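# Secondary and tertiary structure notes
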Amino acid sequence: MIKNYIKIAWRNALRQKQFTILNILGLSIGIGTCFIIGLYIHSEMTYDTFHDKADRIYRVNQPNIWDDWNEIASNTGPNVAIALREDAPEFEEITRLLRTGTQIVRSNHNEEASLYSEEHYFAVEENFFDVFSFKFLQGDSNTALSEPMSMVMTQKTAERYFGTENPIGKTVEVKDYDNSWKTYTVKGVLADVPYKSHIQFDMLVSLKSYSEMMQRNGWKWIWTAFSTYGLVKEGTDIAAFTKKIQAIPPKWAPPTTERIFNQTFKEFTAGHDWTLYLQPLREIYLSEAPAIHSFGPTGNPMFVKVFGAIGILVLILSSINFMNLSTARSSKRAKEIGVRKVLGSKRKALIKQFVIESTLFVLIGTVFALIFVQLSLGIFSTVADVKIELIPYLGNPIFLAIVLLFVLGLGLISGSYPAFYLSMFQPIETLKGKMSTKFKGKGIRNGLVVFQFTISIALVICTLFVQKQLAYTSSLDLGFEKDNILQIHNIEQIGFDTETLKTKLESNPAFSKVGKSFGLPPNIWSGDRYKTLGGNDQVVQLRNVRTEEDYLDVLGVEFVAGRNFDSSRPTDKYKVILNEKAVKTLGWGNPETYATNSPIGKIVALASGSEDEFEVMGVVKDFNINSVQQEIAPLIIIHHQNDKVWDYGAGLSYYSMKLNPEVVKNPGELQTLIDEVKNDIAQIDPSVPFEYSFMDQDFENTFVSEQRMGVILSIFTVMALLIACLGLFGLAAFTAEQRIKELSIRKVLGAKVSELAFLFSSEFTKLVLISIILASPIAYFLVDEWLKDFAYRTPIDSWVFIVAAISAFVVTLVTVSFQTIKAASTNPVHNLRAE
Amino acid sequence: MLLQLKNISKWVHSGGQKVFLLKDINFWVNEGDFISIMGPSGSGKSTLLNIIGMLDDFNEGEYTFLEEKVHSLKEKHRANLYKQYIGFVFQAYHLIDELTVKENLEMPLLYKKHSASERKSLVADMLDRFNIVGKKDLFPSQLSGGQQQLVGVARALIASPKLILADEPTGNLNSKQGEEIMEIFTQLNKDGVTIIQVTHSEKNMAYGSRVINLLDGKIE
């Protein structure tokens, strides 16, 4: 019997080619989109699962003790691990990873020395590989990092330094902070790190290499450059265990706070809890927290939610298409159904037949969808900046089982309504050709079309607002001129005295201004605890950045009160400049009150350790030091030569140059200029890697994930709209067929083609109108929710809704116009003669 | 007695009034009868045939088929009953366009859950009997009207029904084709199959043994 069903389904499909193509196309697009999204979500949710003991690995997080205690940070001091080893036997292993930052590494092994700036470089403890299962190709994971000055590297890194030669036992040199070179011996080669790992490294050195530095500093609980990972014993109750370890910071941290800051533990935390959070390894990649100081790739949980929802919606849209087209062409199948019933088919058998038929369609659609997925995956991966592949899944029995279940499930769902609808036909009526059933189910069909268009239009509106917000954020006034600023990195490698370089840069006519800074917007994250002196002594968090006076000129920030640093006045170097927000945070009022209560001359002091005091000499207008998603943070600008601050001389530094557009007129000239600067630096110190960036691009990058979302959302919106249009096109074709006699009679009675076209398309434009009315509030709600994440929001203007509505009408009219014109312009005689 | 209709009435409501399609119909059919139902358009011939075929309901009266009270049977039983005992022949043939002659013939057997080998032999018998072996792989659209009706009759017969219901079986055929079909009916009747046909034509009526004349839903 099933053979008979398949046979008749196949022959029907061949006979009604237009219907079949529309149906399979719609299904393929829907299923394909759903698969791509499914693969994407699966990929996003399976990061870090390749470790053998992944289920038992946790990262220890704690509050961001340097800034906002309510924020969670993924970094801890080195002694969190020491304390846990002592007090938490539930951990089988605890291992630390030190974020050393970018290192300059060279090998003199080749004839030509190779020098690289290694960004993915960490120091780890010798038991690192007892916790994580990174694969060793050469060397012994148990002993590779047990000695100081040992190093392992990934295969591709090894090739970079040593080519095809065996790297084991060879050495590389790493530039230390004092510009001396330290020699490390390669003890192991690892397979390249899987991309689905939140720890991405090219080189790992033994933490023991840093033991002297760790001993000397004694910043046991506040040197938050470490990531602490623990492997819990099997069967550990994580909730109870988490509760238990909360006793650790109050017990172990006080000596550190007392010694370094001369503060009790309570004073240091200012009443906050120093919570230790256990974050499961497999959740690290995709979790929203900790937002800061998380290294390696991070996912976006909102993407997963948004695209998951879109995947399901698109699938619903395409199965609605199937239902609509199947019921619409029911008149074609009515006779068959009648005959089958007369010949003794029960309703159940007919339902079975149509469900099998739809499953068959879904199966074919799925095959096409898989081809479509394979073909478009490359583009999608590039656009969405993810790595997803289909081929490896095809041999996976679980994946195949899911696909099979999916086909059966979708076949059942999309076949159910047509099956019940079609099997309801009364045989006598259908055989007499009465087909009064013809107009039944139209209400439901129209409802489904409205549903499809509501979703599509809502998506269109959301997409437009995402684009509008992106345009808005990139056009926002940052409080300074971000364009035409070239920034050179790694200046700290030259040493502290960089005047030679500066003189060279200043003499270049392409640069109108040159300034040095120890941080660059939008990435000024370092902050410290400050208080007003003689005031209420309230401790506040301020971001800080050290700059020379010229840097503020490069940015062109505006002074509200006071003045910029002046190199001719030596005392200026112990003074500071605040932004308006910082003045307000310190309780010194706002620009309106400066006249009566000027912040100039007031004293701000570091609230930890040294308690250095600084006189405020200027206030600048607020400007964005971070992305425009965030509110402007309070900022204190410190003179770069202020040798009283504890980090004087340390940290990364940069030169920023304002380009003179008169001199640099085109990309070619810009490239020449960059080469010149590269040359200048190489002359001073050839071991300094040359890196540069443009500030406007750095700001663009802060909403790269929103931009990406904008692009992906646009693609899926087009998909959804396409599916809805395919459905509408099919429906219009069948409506035209049903109404052809009516239209012919009208024509015979004198109706013009235009009148008929209007009459015919009004049936569909009505539906779209209803969809617009339904979609607008839904879209408004979604957009409103999304915009809440931004500090600066584009207004939800009504014209966007109007644009969406007009486009929906245009798309509808274009879609049905083909059928409209065909139906309205046929010779009525042909259609009436048949009767 | 094969079947008996007692006081059968069927009506519809139109403009608040009962309009009788059939009123107080009484008659019975014995096995081996060849009955012709005659009457002008709209007299209720087809409705009566559909009621006998259990494809349509009636509002009043009793219908007994092989001692089963059809009016009190559930839909499922009713379907089983006609599936087993009744074959239908239509004016417009009603073959399934997407199936070949052979497959059309096989269809009723599929619903009666015959085995594949049984189906094969029954279909072969039928093709043989109606001399259409050469046409077995053609689709209905490739046949003439007479040939299509031949397949229609063969399909009605394949499950060996006791009763054949034919609604204007020659209505779409030319006179020669019509005669052929009527000859086949006569032969079937001789073999013991009961036949009830609805017809307009006096000539076809002559093949039957009994005539029921309908006018405005009543037997005259």
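This text gives an overview of the structure that appears in the document. Within every chain, residues take consecutive numbers counted from 1 along the sequence as written. The naming scheme follows written order: chains are lettered A onward, ligands numbered 1 onward. For a predicted model such as this one, the threshold for reporting local features is a pLDDT of at least 70, and the threshold for listing and counting side-chain atom pairs is 80 or more; totals across whole chains, interfaces and linings nevertheless cover every residue.

Looking now at the overall build of chain A. In this text, helices come from DSSP runs of H or I with a minimum length of four residues, and strands from runs of E with a minimum of two, each type numbered from the N-terminal end. A tally of regular secondary structure across chain A gives 27 helices and 24 strands. Taken along its principal axes, the extent of the C-alpha atoms in chain A is 105 × 65 × 60 Å. Within the span of chain A, comprising 835 residues, buried residues form 41% of the whole. By definition, residue pairs are in contact when their C-beta atoms, positioned from the backbone, come within 7 Å. Of the contacts formed within chain A by residues at least 6 apart in sequence, a portion of 81% connects residues at least 24 apart. Three exposure classes are used, based on other C-beta atoms lying within 10 Å of a residue's own C-beta, which is placed from the backbone: buried for 20 or more, exposed for 12 or fewer, and partly exposed in between.

Attention now goes to the sheet that holds strand S2 (residues 17–29) of chain B. Pairing between strands is defined by DSSP: at least two bridges between them are needed. The strand order across the open sheet formed by four strands is S2-S1-S4-S5 (chain B), and the pairing between neighbours is antiparallel. Unpaired on one side and paired on the other, S2 and strand S5 (68–69) of chain B mark the two borders of the sheet.

On to helix H3 (residues 101–111) of chain B, then. Counting buried positions over the 11 residues of H3(B) gives 10, a clear majority of the element. Restricting attention to buried positions, one finds in H3(B) the residues Val101(B), Lys102(B), Glu103(B), Asn104(B), Leu105(B), Glu106(B), Met107(B), Pro108(B), Leu109(B) and Leu110(B). Packing partners of the buried residues in H3(B) comprise helix H1 (2–15) of chain A together with helix H4 (116–129) and helix H5 (145–157) of chain B. Taken from the residues just after H3(B), Lys113(B) is the one with a positive phi, measuring 60 degrees.

What follows concerns the sheet that holds strand S10 (residues 218–219) of chain B. Residues and elements named next belong to chain B. The strand order across the open sheet formed by six strands is S6-S7-S8-S3-S9-S10, and the pairing between neighbours is mixed. Two strands lie at the open edges of the sheet, namely strand S6 (86–89) and S10, each paired on one side alone. Strand direction decides the pairing type here: strand S3 (residues 34–38) and strand S8 (residues 194–198), joined by four bridges, are parallel. For Ile35, the partnering residue across the bridge sits in S8 and is Ile196. Every angle, taken between N-to-C directions, lies between 0 and 180 degrees, and every axis is a line fitted to C-alpha atoms, over only the stretch in contact when it is a helix. Sheet strands touched by H5: S6 and strand S7 (163–167). Its angle to S6, the strand with the most contacts, is close to 170 degrees.

In this structure, Val314(A), Leu317(A), Ile457(A), Ile461(A), Ala720(A), Ile723(A) and Ala804(A) are the most contacted members of the largest nonpolar core, which totals 83 residues. Within the residue set of this core, elements represented by two or more residues are helix H2 (17–45), helix H12 (301–328), helix H14 (347–384), helix H16 (397–423), helix H18 (442–475), helix H24 (704–748), helix H25 (753–787) and helix H26 (798–825) of chain A. The element best represented in this core is H24(A), accounting for 18 residues. Among buried residues, those of type Ala, Val, Leu, Ile, Met, Phe, Trp, Tyr and Cys that are joined through C-beta atoms within 7 Å form a set called a nonpolar core. Counting residues in hydrophobic clusters, the runner-up holds 62 residues, among them Leu105(B), Leu109(B), Leu173(B) and Leu214(B).

With that out of the way, let us pick up the pairing of strand S4 (residues 60–65) of chain B. All names here are of chain B. Bridge count for strand S1 (residues 3–14) against S4 is five bridges, and the pairing is antiparallel. By the bridge assignment, Gln4 is partnered in S4 with Thr64. Relative to S5, S4 runs antiparallel, the two being bridged by two bridges. Note on S5: the bridge partner recorded for Thr64 is Lys69.

So, about the packing of H18(A) against H25(A). Residues and elements named next belong to chain A. Packing of H18 against H25 brings their axes to within 7 Å, and their N-to-C directions diverge by 40 degrees. The orientation of H18 with respect to H25, classified from their angle, is oblique. Seen from above, H18 lies across H25 with right-handed handedness. Residue-level contacts link Asn446, Val449, Val450, Phe453, Thr454, Ile457, Ala458, Ile461, Cys462, Phe465 and Gln469 of H18 to Leu767, Val768, Ile770, Ser771, Ile772, Leu774, Ala775, Ile778, Ala779, Leu782, Val783 and Leu787 of H25. If an angle is under 35 degrees, it is roughly parallel; if it is over 145, roughly antiparallel; if it lies from 65 to 115, roughly perpendicular; otherwise it is oblique. Handedness of each helix crossing follows the sense of rotation of the near helix against the far helix: counterclockwise by less than a right angle gives left-handed, clockwise gives right-handed.

With 16 residues of chain B in contact, the opposing surface of chain A contributes 18 residues. Counting only elements with at least two residues in the side of chain B that touches chain A, the list comes to helix H2 (75–85) and H3 of chain B. Ranked by residue count, the leading element in the side of chain B that touches chain A is H3(B), at four residues. Its residues assigned to classes, the side of chain B that touches chain A comprises 10 nonpolar, two polar and four charged. Ten residue types, Ala, Val, Leu, Ile, Met, Phe, Trp, Tyr, Cys and Pro, are classed as nonpolar, four, Asp, Glu, Lys and Arg, as charged, and the remainder, Gly among them, as polar.

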